[in-house]
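Descriptive analysis of the structure
Residue strings, one per chain:
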Amino acid sequence: MQTNISARHGQLSTSTKERIAEKVEKLGRYFDRLKAIDITVDLEHRETPTVELKVSIEHSEALVATDRASDVISALDGALHKVEHQIRRHKDKRTERRKPPIKHLEVPAEGEPELE
């Protein structure tokens, strides 16, 4: 999984980038088909930075979450929570085990015993 961290309107320290990368790497345990994660930190408003996560999944559209908080790490935590929820929903849709609709069930021919 590829991780890209970028900042707008400012710079992030190396320790902050490492903490962000460490937290984002945990997303791989929710779904194993993650291709890339792009993290953009917008520091235009220093008192309330914005974090945007864009998660690329194989054979699917990207999932995007944005959050704003008093510091970068708490904004990241909020965005991670949103993306985790989206990943779980996406995974449930793909792996959901439903019964086939009634119109696709085979009807036994006349004279054949029904299997139950």
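Scroll up a little and you will see the structure.
What you see is a predicted model; the values in this text were computed from it and never measured.

Analysis parameters
Residues numbered from 1 in each chain as written. Predicted model: local features only at pLDDT ≥ 70, side-chain atom pairs only at ≥ 80, totals over all residues. Heavy atoms only, no water. Helix = DSSP H or I, 4+ residues; strand = E, 2+ residues; numbered from the N terminus. Buried < 20%, exposed > 50% of the residue type's maximum accessible area, 1.4 Å probe, protein only. Contact = heavy atoms within 4.5 Å. Areas by Shrake-Rupley, 256 points an atom, 1.4 Å probe, with all protein chains shown as cover. Pairing = 2+ DSSP bridges. Axes fitted to C-alpha atoms, helices over the stretch in contact; angles between N-to-C directions. Expected span 1.5 Å × (residues − 1). Core = buried A, V, L, I, M, F, W, Y, C linked by side-chain atoms within 4.5 Å. Salt bridge = Lys/Arg side-chain N within 4 Å of Asp/Glu carboxyl O.

**Thoughts on the overall build of the chain**
For the chain, the helix and strand inventory stands at two helices and four strands. In the chain, buried positions account for 32% of the 116 residues. Pairs at least 24 apart in sequence give 47% of the contacts found in the chain among residues at least 6 apart. As presented, the chain carries roughly 8600 Å² of accessible surface, and 46% of it is formed by carbon and sulfur atoms.

**Digging into the sheet that holds strand β3 (residues 50-57)**
Here four strands make up an open sheet; going across it, the order is β1-β2-β3-β4 and the pairing mixed. Edge positions in the sheet fall to β1 (2-8) and β4 (63-68), since each of these pairs with one other strand and no more. Taking the axes of each pair of neighbouring strands and ignoring which way they run, one obtains an average angle of 15 degrees across the sheet. Judged from the six bridges that link them, β3 and β4 form a sheet pairing that is antiparallel. Each bridged residue has a counterpart across the sheet, and for T50 the counterpart in β4 is R68. Against the sheet, helix α2 (residues 72-95) touches β2 (34-42), β3 and β4, its axis set at about 150 degrees to β4.

**Points about α2**
End to end, α2 covers 34 Å across 24 residues, agreeing with the expected 34 Å (1.5 Å per residue, within 8%). The set of residues buried in α2 consists of V72, I73, A75, L76, G78, A79, L80, V83, E84, I87 and H90.

**Observations concerning the nonpolar core**
Residues I20, V24, L27 and L53 are the most contacted members of the largest nonpolar core, which totals 26 residues. Among the elements of the structure, α1 (14-24), β2, β3, β4 and α2 are those that each provide at least two residues to this core. With eight residues, the top contributor of residues to this core is α2. When neighbours within four sequence positions are excluded, L53 is seen to be in contact with V24, I37, D38, I39, L63, V64, A65, L76, A79, L80 and V83.

**Things to note about the pattern of salt bridges**
Tallied over the full model, the rule gives three salt bridges. Here D77 and K23 are joined by a salt bridge, their closest N and O atoms 2.8 Å apart. Placement of D77 in helix α2 and of K23 in helix α1 is noted, with a sequence separation of 54 residues between them. What makes D77 partly exposed here is its relative accessible area of 34%. Residues K82 and D67 are paired through a salt bridge, measuring 3.8 Å at the closest nitrogen-oxygen approach.

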